[in-house]
Amino acid sequence: MSSPVSRRRMTKDLSFSQLAWGAWRLRNSSDIKNTADILALVHACLDAGISTFDHADVYGGYGCEAYFGGALAKAPELRSKMEIVTKCSVALVKDTRPDHRINHYNTTKAHILLSVENSLRNLATDYIDMLLIHRPDPLMIADEVAEAFNELHRMGKVRHFGVSNFTPSQFNLLQSRLDTPLATNQVECSVLELAPIFDGTFDQMQQRQTHPMIWSPLGGARLFNTKADPTVDRVRPVLERMRDKYNLPGIAEVAIAWLLRLPCQPVPVLGTMKAHRIADAAASCGIQFDRQDWFEILVAAQGHSVP
Amino acid sequence: MSSPVSRRRMTKDLSFSQLAWGAWRLRNSSDIKNTADILALVHACLDAGISTFDHADVYGGYGCEAYFGGALAKAPELRSKMEIVTKCSVALVKDTRPDHRINHYNTTKAHILLSVENSLRNLATDYIDMLLIHRPDPLMIADEVAEAFNELHRMGKVRHFGVSNFTPSQFNLLQSRLDTPLATNQVECSVLELAPIFDGTFDQMQQRQTHPMIWSPLGGARLFNTKADPTVDRVRPVLERMRDKYNLPGIAEVAIAWLLRLPCQPVPVLGTMKAHRIADAAASCGIQFDRQDWFEILVAAQGHSVP
Amino acid sequence: MSSPVSRRRMTKDLSFSQLAWGAWRLRNSSDIKNTADILALVHACLDAGISTFDHADVYGGYGCEAYFGGALAKAPELRSKMEIVTKCSVALVKDTRPDHRINHYNTTKAHILLSVENSLRNLATDYIDMLLIHRPDPLMIADEVAEAFNELHRMGKVRHFGVSNFTPSQFNLLQSRLDTPLATNQVECSVLELAPIFDGTFDQMQQRQTHPMIWSPLGGARLFNTKADPTVDRVRPVLERMRDKYNLPGIAEVAIAWLLRLPCQPVPVLGTMKAHRIADAAASCGIQFDRQDWFEILVAAQGHSVP
């Protein structure tokens, strides 16, 4: 059976699956009790055509990479079938990081190199497909980040580079110091967070022919909350109608399909830890989302008609 | 008698009159009862040196173009004396558009081509001088719009292209896919709507040497409302003083002259349906607006002194 | 004794001291009673390695330049040891300016040339090191400003040019008409005014390798006010802790050192009129501000942790 999940060309020689899977909840989920559960999830992803795995050094209090890497070490043949993304530059207060007195960002060359060493060891791999600067750092010296990227690339430890949560001008600043194009900007977007559609972030991505990645494509748990939320109360009934119309498993798949319709051709990152939800999610990729249906959801999300 | 209305060079080979006349109220005005009234208005414009006529497919519930075209069909010799602007991409719910279920935008190639065919037929002309994308469409694929523009230009159906209500980054995105410069960005601006003066929109226009067009240059009817409105209450007395100082027919002409003073050299679109108001409006072009008078109006509009 | 105040390369052939001294309070200070007091202050600056003196035609109601120039005329040998910055384009209502009816901006060539003539005479010098457009003028014709700059440069009256309080798009507009790079953008920034760190202003400066100057680096007097101010109440204790940690004379020096840590490498303008405070201020330049300490102040200023 061929997967509805197609590929996104991120750089000249790297493609991602149209959906990625994200590890940020890996250590906080009752669905994941051991390495076998992780491997089942990875297989579910690969079977569904989802080959891109999104990490960050800090996910799970600096614990998700190693948890995932422990599973990967038991099935090293899987490595070549996946693209691994990870991130650096956020520095959290944590007993394993005794020198951290306050949550902060660090984009020094030394920190980036050290962070990648940790990520490689934790992930049980000898290369990262794409490394992202996790958050814009007001103290970022773009030349120094460029030096770190060059060195990591030269050593073969990281193949491609991108950013996350950057404004267009932060993106342009860092890009101005690099010889190769930044391969993505991973930002938050969903029916509950429309900003990058209108603030220039996605205009920049389309103009550069760069695919953004999208975190919290379901707005965190908010879309499924039962407590009163006027935006959710407007959007959910429309999503339910579209779920039925397009014969999708749930409103989550409608919300993902809605993002996939954007002309910047983003890569949403799925947060589910349930293997059976993975195949469901892949269904988001299989539909032709009608333009007017798309606007119906936008209007519900905005709470007003288009002008 | 020579007109005070000068010309604006919009592209290498197209100029507009410094003021345009806009059709958006053509079907809602008690001043326009038949084709003869429209022709009288057109003649008043041309006599006053106003040769640029601004339309959109959707004005008057998709009705203004045909109303205007019906008049033009009776005096086809006028066509070569005017520049016709029209717009596409807004899609309204209307019984004549049974496939529209919700007000939305459509910048697909198919829609643009179809919309232009309708506009040409409705306007009783075989070419449009300038076609604008009416609203930024979050689903716009810039490459596809470029294809539509190229095809319309090759067929001789549309001579020049522009946009309306675009942010600078939306403008840059579309421009990046075009071989020729976008000829305008038609945006709202007035003493009651100052945003494009400060948010980069007019900076971009001046930098590119592109003349924006301006809709609602009088802030809709708001400037003439009798009900309490603190901004209007501050601005109107100043406009009245300037009307007397510059010997202008009314405060409308002061408000237009105030816009004409902007260094981006905009083309305001007049909404009047009264032939006798046209010559009045032209008077806006004849004055040298003093810099300090200009700031007096700005300060009244902002409600605070300049910093 | 060598000074901790290093140099900032502003253009190919002009450097500033890392801290500048600003004249804006020169006529409103009980510390300055006569020309001798000014000279004492100038010597204190030069002794501390602060050689850049920031003026504007309008400071002190058009009075500070002449007050300072009166002192300089008595010690003309100092001129070659300093860089003089001044500004033009703000036009204030003042009895010495009877043609000004309202506070406004003026970036016409005639005004810029006249303003520089006044500044040269008032400052008792025959050249200005750097002239800034003081405020973005909505009526600015960039070509005309460029003409004025070119003429002033050709005549040897002004050596370098910059702007103040410009947004990135205003900066780009003016730059697009100039043959040489704008040498600075002087903006407000402090622990109480964080905007340029996040809104693209400083990204643009770092990308262009242009050093911004910073006015009100202490947030006006607000940082020292005794009345309740939630932001100050959060920030001050942290500044006090850092003062002790880094062994700095006061919280003012911490606030300056915090700015100096920014990667755009700004030049803060000191407003003090007390000679003994100058050497204190220079101490800001002598420390290595720890990254986490920097974030501790940012978090106190923002009132929330970094995301």
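Anyway, here's the lowdown on the structure attached to this text. It should be emphasised that the depicted structure is a prediction, and the values quoted were computed from it without experimental measurement. (Residues numbered from 1 in each chain as written. Chains lettered and ligands numbered in written order. Predicted model: local features only at pLDDT ≥ 70, side-chain atom pairs only at ≥ 80, totals over all residues. Heavy atoms only, no water.)

The number of helices and strands found in chain A is 12 helices and 12 strands. Computed over its C-alpha atoms, the radius of gyration of chain A comes to 19 Å, within 12% of the 19 Å expected for a compact globule of 307 residues. Here chain A holds 307 residues, and the buried ones make up 61% of them. A fraction of 75% describes how many contacts in chain A between residues 6 or more apart in sequence connect residues 24 or more apart. When the accessible surface of chain A is summed, it comes to about 11900 Å², and 50% of that surface belongs to carbon and sulfur atoms. Here chain A carries 33 positive and 33 negative side-chain charges, and the mean point of each set is 1 Å from the other. (Helix = DSSP H or I, 4+ residues; strand = E, 2+ residues; numbered from the N terminus. Rg over C-alpha atoms; globule rule 2.2 N^0.38 Å. Buried < 20%, exposed > 50% of the residue type's maximum accessible area, 1.4 Å probe, protein only. Contact = heavy atoms within 4.5 Å. Areas by Shrake-Rupley, 256 points an atom, 1.4 Å probe, with all protein chains shown as cover. Lys, Arg positive; Asp, Glu negative; His and termini not counted. Charge placed at Lys NZ, Arg CZ, Asp CG, Glu CD.)

In this section: the interface of chain C and chain A. At the junction of the two partners, chain C supplies 23 residues and chain A supplies 25 residues. When residues of chain C are sorted by the area they lose upon contact with chain A, Gln207, Arg291 and Gln292 of chain C head the list and together hold 33% of the total. Counting the contacts that link chain C with chain A gives three salt bridges. The salt bridge partner of Arg291 of chain C is Asp137 of chain A, with a shortest N-O separation of 2.8 Å. At the junction of chain C and chain A, the tally comes to 14 residue pairs in polar contact (both at pLDDT 80 or more). Elements supplying a minimum of two residues to the side of chain C that touches chain A: helix H7 (195-198), helix H8 (201-208) and helix H12 (291-302) of chain C. Per-element tally for the side of chain C that touches chain A: the top contributor is H12 of chain C, with eight residues. (Buried area = accessible area lost by both parts, 1.4 Å probe. Salt bridge = Lys/Arg side-chain N within 4 Å of Asp/Glu carboxyl O. Polar contact = N/O pair within 3.5 Å; in protein donor to acceptor, adjacent residues only side chain to side chain.)

Bringing the packing of helix H1 (residues 35-47) of chain A against helix H3 (residues 64-74) of chain A into the picture now. Residues and elements named next belong to chain A. Remark: H1 packs on H3, axes separated minimally by 9 Å, with the N-to-C direction vectors making an angle of 80°. With respect to H3, the element H1 is oriented roughly perpendicular. On H3, the residues that touch Thr35, Ile38, Leu39 and Val42 of H1 are Tyr67, Phe68, Gly70, Ala71 and Lys74. Here the residues of the contact of H1 with H3 are counted per class, giving six nonpolar, two polar and one charged. (Axes fitted to C-alpha atoms, helices over the stretch in contact; angles between N-to-C directions. Parallel < 35°, antiparallel > 145°, perpendicular 65-115°, else oblique. Nonpolar A, V, L, I, M, F, W, Y, C, P; charged D, E, K, R; others polar.)

Take chain B, turn it by 120°, move it 0.0 Å along the axis, and it overlays chain C with an RMSD of 0.0 Å. Taken together, these values place the two copies in the relation of a three-fold axis. When C-alpha distances to the rotation axis are compared across chain B, the minimum falls at Ser169 of chain B, with a value of 6.6 Å. (Least-squares fit on C-alpha atoms with pLDDT ≥ 70 in both.)

We now examine the sheet that holds strand E3 (residues 20-22) of chain C. What links the strands of a sheet is backbone hydrogen bonding, and the strands pair in either a parallel or an antiparallel sense. Taken in spatial order, the eight strands of this closed barrel run E3-E4-E5-E8-E9-E10-E11-E12 (chain C), and their pairing is parallel. Direction aside, neighbouring strands of the sheet carry axes that sit 30° apart on average. (Pairing = 2+ DSSP bridges.)

Residue and element names in this part refer to chain C. Contact geometry of helix H9 (residues 230-245) with H12 gives a least axis separation of 7 Å together with a crossing angle of 165°. Judged on the interaxial angle alone, H12 and H9 are roughly antiparallel. As H9 runs across H12, the sense of the crossing is left-handed. In this structure, H9 uses Thr231, Arg234, Val235, Val238, Leu239, Arg241, Met242 and Lys245 to contact H12, whose residues at the interface are Asp293, Glu296, Ile297, Ala300, Ala301 and Gln302. A per-class count over the contact of H9 with H12 returns seven nonpolar, two polar and five charged. (Left-handed = near helix turned anticlockwise from the far one by under 90°.)

All names here are of chain A. Position of Leu239 relative to the elements: it lies in helix H9 (residues 230-246). Here the alpha-carbon distance between Leu239 and Thr201, two residues 38 residues apart in the chain, equals 25 Å. For Leu239, the residues in contact, after removing those within four places along its chain, are Leu223, Ile251, Val254, Ala255 and Ile297.

Once that is clear, we can look at the sheet that holds strand E10 (residues 185-188) of chain B. Residues and elements named next belong to chain B. Strand order in the closed barrel formed by eight strands is E3-E4-E5-E8-E9-E10-E11-E12, and the pairing between neighbours is parallel. The average undirected angle you get between the axes of adjacent strands in this sheet is 30°. The pairing of E10 with strand E11 (residues 213-215) spans three bridges and is parallel. From the neighbouring strand, Val187 faces E11, where its bridge partner is Ile214. On the sheet, helix H4 (residues 109-122) packs against strand E5 (83-88), strand E8 (128-133) and strand E9 (158-164) and is oriented at approximately 140° with respect to E8.

By the definition in use, this model includes 24 aromatic pairs over all chains. Measuring from centroid to centroid gives 6.0 Å for Trp21 of chain B and Phe68 of chain B, while their planes differ by 25°, and the two rings are stacked. Here the residue Trp21 of chain B occupies a position in strand E3 (residues 20-22), and Phe68 of chain B occupies one in helix H3 (residues 64-74), the gap between them amounting to 47 residues. A single burial state applies to Trp21 of chain B and to Phe68 of chain B, both of which are buried. Among the aromatic residues, ring-to-ring pairing joins Tyr105 of chain A together with Trp258, Trp294 and Phe295 of chain C into one connected group. Residue placement shows Arg79 of chain A over the ring face of Tyr127 of chain A; its charged tip is 3.8 Å from the ring centre. Geometry around Tyr127 of chain B places Arg159 of chain B over its ring, the cationic atom sitting 3.8 Å from the centre. (Phe/Tyr/Trp six-rings, centres within 6.5 Å; stacked < 30°, edge-to-face > 60°. Lys NZ or Arg CZ within 6 Å of the ring centre and 35° of its normal.)

Right, let's get into the pairing of E5 of chain B. Residues and elements named next belong to chain B. Taken across its six residues, E5 has six buried, putting it largely inside the fold. Of the two faces of E5, both are covered, the one formed by Glu83, Val85 and Lys87 as well as the one formed by Ile84, Thr86 and Cys88. In the sheet, strand E4 (residues 52-54) pairs with E5 via three bridges, with the strands oriented parallel. Note that in E5 the partner of Asp54 across the bridge is Val85. Taken together, the four bridges between E5 and E8 define a ladder with parallel strand orientation. Within E8, the residue paired with Val85 across the bridge is Met130.

With that settled, consider the layout of surface pockets. Put simply, the second largest pocket is a space of about 660 Å³. For the lining of the second largest pocket, the elements supplying multiple residues, two or more each, are helix H7 (195-198), helix H8 (201-208) and helix H12 (291-302) of chain A together with helix H6 (168-175), E10 and helix H7 (195-198) of chain B. Of the residues contributing to the lining of the second largest pocket, the split by class is 19 nonpolar, seven polar and six charged. (1 Å grid on protein atoms, 1.4 Å probe; cavity = no way out; pocket = protein on both sides within 12 Å on 5 of 7 lines; lining within 4 Å. Points joined across faces, edges and corners; volume = space filled by probe spheres on them.)

What follows concerns the pattern of salt bridges. Enumeration over the complete set of coordinates arrives at 51 salt bridges over all chains. The salt bridge partner of Asp293 of chain A is Arg101 of chain B, with a shortest N-O separation of 2.7 Å. Placement of Asp293 of chain A in helix H12 and of Arg101 of chain B in the loop between strand E6 (90-91) and strand E7 (104-105) is noted, with the two residues assigned to different chains. The exposure class of Asp293 of chain A is buried, given its relative accessible area of 2%. Between Arg222 of chain C and Asp229 of chain C there is a salt bridge, and its shortest N-O distance comes to 2.7 Å. For Asp229 of chain C, a relative accessible area of 13% puts it in the buried group. Three or more residues are tied together by salt bridges with common partners; here these are Arg101 of chain A together with Lys245, Asp290 and Asp293 of chain C.

Bringing the environment of Asp143 of chain B into the picture now. Mapped onto the elements, Asp143 of chain B comes out in helix H5 (residues 142-154). Ignoring any residue separated from it by four or fewer positions in sequence, one finds Asp143 of chain B in contact with Gln209 of chain A together with Arg177 of chain B. Among the polar contacts made by the side chain of Asp143 of chain B, one reaches the side chain of Arg177 of chain B at a distance of 3.1 Å.

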